[in-house]
Amino acid sequence: MHFNKRYAYALIFVSSLLLTGSSGFRCSSDDDSKNKNKNSSGGETDIRVRVGDEQKISADSGGFNGNLDDGDQFGSAIADPGDLEVDGVRDLAVGTPFNDDDGSDEGAVWILFMDDDGRVDQQQKISSNAGSFGGDLNDDDLFGSAVAGIGDLNNDGAFDLAVGVPGDDKGGTDRGGVWILFLDAEGKVRQQQKIADDAGGFGGNLDDDDRFGSAVADIGDVNGDGIPDLAVGSPNNDSGSDNAGAVWILMMQADGKVDAWQKVSDSAGGFNGNLDADDHFGAAITGIGDLDNNGVPDLAVGVPGNDKGGTDRGAVWILFLNAEGKVQQEQKIADDAGGFGGGT
Ligand SMILES: [Ca+2]
Ligand SMILES: [Ca+2]
Ligand SMILES: [Ca+2]
Ligand SMILES: [Ca+2]
């Protein structure tokens, strides 16, 4: 159906060109398709083109029937968890960290069961009082600041999720945490496991305001035990200097607990790169597969506060891991570094 619509837009575009011989077209959405375009000579043209197609999902559009309130910030994080109800269409998990269901800024995650036209067929909210979530959330936990699909971790046939809670206070204020959510085909939580300071098998040392769980990624199976492992960002970690940041590599078990862990920071995990105060290494993370073909997956880590070239221009570190989760080699991409020539 949407293909025909796209085809119709293309036809309109081509016939407009033929009729007017004009330039100055642009992409437009349904919302502004009635606006006139000013062309370079100040006149107006009616030419606009829809490249591909788009579908907005918000409180009152895109088939989404969930309830969003002011300041919820739905869309702060987003992940493809897989095809949850097995209808042939991949679904979405959308973080809403400032949701206030049961307390201020506790957060929520919306599971969106998608149609192949980009609209939401059905949705399921997960929060402290929705979606059968049995975990405990508190004010300012910001559950949903980060979301990652982690495949079917417990092998029950349904996809699972990792959700960051950087404001979690286990052990001390804002040390942070990650919830592993074992979902069912309806997007409800069948079981959950928290990973935080001294919880979920994790014995790594977290300090107040580390904000562990600000980013989370499934990076693949690092230690070769057949279970996908996680990288968790802790961008306010103070290793080396204040808020230099850190990434934790978590070797996972099928029950959602951590079997072993490795910290990567300015002074840990074999990392030879240099991190400075307020670099916030670990603010974003993604798995990039096995880039150097050594049999161990590698990762990319965002460092938005990096000052290469000038204040807060930012950087990305590519980390080549070994099976222990330590860094074997690293490559920095920044202003005029790592082959990157794009001026920032
Ligand atoms: Ca689906
Ligand atoms: Ca599962
Ligand atoms: Ca593993
Ligand atoms: Ca590798």
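What you see is a predicted model; the values in this text were computed from it and never measured.

A. Structural view of the overall build of the protein chain. The number of helices and strands found in the protein chain is 1 helix and 18 strands. Counting across all 344 residues of the protein chain, residues that qualify as buried make up 41%. In the protein chain, the share of contacts with a sequence separation of at least 24, taken over all contacts with a separation of at least 6, comes to 53%.

B. Broad picture of the pairing of strand β17 (residues 315–321). Burial of β17 is one-sided: the residues A315, W317, L319 and L321 facing one way are buried, the residues V316, I318 and F320 facing the other way are not. Looking at chain direction, strand β16 (residues 299–303) and β17 are connected through 5 bridges and run antiparallel. In the strand pairing of β17, V303 is matched with A315. Pairing of β17 with strand β18 (residues 327–334), which is carried by 7 bridges, proceeds in the antiparallel orientation.

C. Here's a closer look at the sheet that holds strand β5 (residues 108–114). Taken together, 4 strands build an open sheet; the order of strands is β3-β4-β5-β6 and the sheet is antiparallel. Each of the sheet's edge strands pairs with one partner strand only, and the pair in question is β3 (77–82) and β6 (120–126). Pairs of neighbouring strands in the sheet enclose a mean axial angle of 25 degrees, with direction left out of account. In the sheet, β3 pairs with strand β4 (residues 91–96) via 4 bridges, with the strands oriented antiparallel. Directly across from A77, in β4, lies its bridge partner G95.

D. Inspection of the sheet that holds β18 at higher detail. A sheet is described by the order of its strands in space; here 4 strands give the open sequence β15-β16-β17-β18, paired in antiparallel fashion. At either margin of the open sheet sits one strand with a lone partner, and together these are β15 (284–287) and β18. On average, each strand axis in the sheet is tilted by 20 degrees relative to the strand beside it, whichever way the strands run.

E. Representation of the pairing of β6. Bridge analysis of β5 against β6 gives 6 bridges, and the strand direction is antiparallel. Its bridge partner being in β6, F113 is matched across the sheet by Q122. Taking the residues between adjacent antiparallel strands as the criterion, β5 and β6 are bridged by 5 residues, where G118 takes a positive phi near 85 degrees.

F. Examining the nonpolar core more closely. Residues V163, L230 and L250 are the most contacted members of the largest nonpolar core, which totals 76 residues. For V163, the residues in contact, after removing those within four places along its chain, are V109, F143, G144, V147, V178, W179 and L181.

G. Focus on the confidence of the model for the protein chain. The pLDDT averaged across the protein chain works out to 88; a share of 85% of its residues lies at or above 70. Predicted confidence is poor over residues 1–47, with pLDDT under 50, and the contacts of this stretch with residues over four places away or in other chains come to 42 contacts.

H. Quick peek at the environment of S127. In this fold, S127 is placed in the loop between β6 and β7 (146–149). Overall, S127 belongs to the buried group, with 22 C-beta atoms counted inside 10 Å. The spatial distance from the C-alpha of S127 to the C-alpha of D100 is 9.2 Å, given a sequence separation of 27 residues.

I. Just unusual backbone geometry, in detail. Of note in this structure, S132 is not a glycine but carries a positive phi near 60 degrees. Within the secondary structure layout, S132 lies in the loop between β6 and β7. Backbone geometry at R211 places phi at a positive 55 degrees, although glycine is not the residue there. As for its placement among the helices and strands, R211 is situated in the loop between β10 (189–196) and β11 (215–220).

J. Representation of the environment of N65 within the structure. Checked against the element boundaries, N65 lands in the loop between β2 (44–45) and β3. The class for N65 is exposed, based on 10 C-beta atoms found within 10 Å. Through-space distance from the C-alpha of N65 to that of Q124 is 9.8 Å; in sequence the pair is 59 residues apart.

Rules used throughout
Residues numbered from 1 in each chain as written. Chains lettered and ligands numbered in written order. Predicted model: local features only at pLDDT ≥ 70, side-chain atom pairs only at ≥ 80, totals over all residues. Helix = DSSP H or I, 4+ residues; strand = E, 2+ residues; numbered from the N terminus. Buried ≥ 20, exposed ≤ 12 C-beta atoms within 10 Å, placed from the backbone. Contact = placed C-beta atoms within 7 Å. Pairing = 2+ DSSP bridges. Axes fitted to C-alpha atoms, helices over the stretch in contact; angles between N-to-C directions. Core = buried A, V, L, I, M, F, W, Y, C linked by C-beta atoms within 7 Å. pLDDT = per-residue confidence, 0-100.

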